[in-house]
Amino acid sequence: QVQLVESGGGLVQAGGSLTLSCTASGMWFSIVVMGWYRRTPGNQRELVASITREGTTNYADSVKGRFTISRDNAEDTVYLQMNSLKAEDTAVYYCYTESGLGVRDWGQGTQVTVSS
């Protein structure tokens, strides 16, 4: 079955950096889009960033200029480099993949906590 394994979350001071990674396995179809959502302590859900197989990226306005998404198609892995972290970036970050049929699969989530 499809499995998405995330890593890289943790506790960091404001202004610091973290890199999240997510590797997918068990995919039956080619992954078209990979990306990250987050859910804040206030239960707000937000698309943080996404990237297509061709490398086209999309970012939430709140993270533009601070976060960078990239992927390794050969390894079915997506990365999220997060710089200049702010307290409001504190959330559970969820990796997702989307196939050409529009089917989405999700990771288990990784906690990112930014202390001010």
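Everything that follows concerns the structure shown earlier in this document.
Keep in mind that this is a model prediction, so the values were computed, not measured. (Residues numbered from 1 in each chain as written. Predicted model: local features only at pLDDT ≥ 70, side-chain atom pairs only at ≥ 80, totals over all residues. Heavy atoms only, no water.)

## Describing the packing of aromatic side chains
Next up, step 1: Applying the stated criterion to the full structure yields 3 aromatic pairs.
Next up, step 2: Feature note: the residues Tyr37, Tyr96 and Trp106 constitute an aromatic cluster, connected by ring pairs. (Phe/Tyr/Trp six-rings, centres within 6.5 Å; stacked < 30°, edge-to-face > 60°.)

## Points about the state of the cysteines
Next up, step 1: With the rule as written, the count across this model stands at 1 disulfide.
Next up, step 2: A disulfide bridge connects Cys22 with Cys95, and the sulfur atoms are separated by 2.1 Å. The sign of the -75° torsion about the S-S bond sets the Cys22-Cys95 disulfide as left-handed. With Cys22 in strand E3 (residues 18–25) and Cys95 in strand E9 (residues 91–99), this pair connects stretches of sequence that are 73 residues apart. (Disulfide = S-S within 2.5 Å. Helix = DSSP H or I, 4+ residues; strand = E, 2+ residues; numbered from the N terminus.)

## Quick word on the pairing of strand E11 (residues 110–115)
Next up, step 1: Only one face of E11 is buried: it carries Thr110, Val112 and Val114, and the other face, with Gln111, Thr113 and Ser115, is open.
Next up, step 2: Pairing between strand E2 (residues 10–13) and E11: 4 bridges, direction parallel. Bridge pairing in E11 links Gly10 to Val112.
Next up, step 3: Inspection of the sheet shows E9 paired to E11 by 3 bridges, in the antiparallel sense. Note that in E11 the partner of Val92 across the bridge is Gln111. (Buried < 20%, exposed > 50% of the residue type's maximum accessible area, 1.4 Å probe, protein only. Pairing = 2+ DSSP bridges.)

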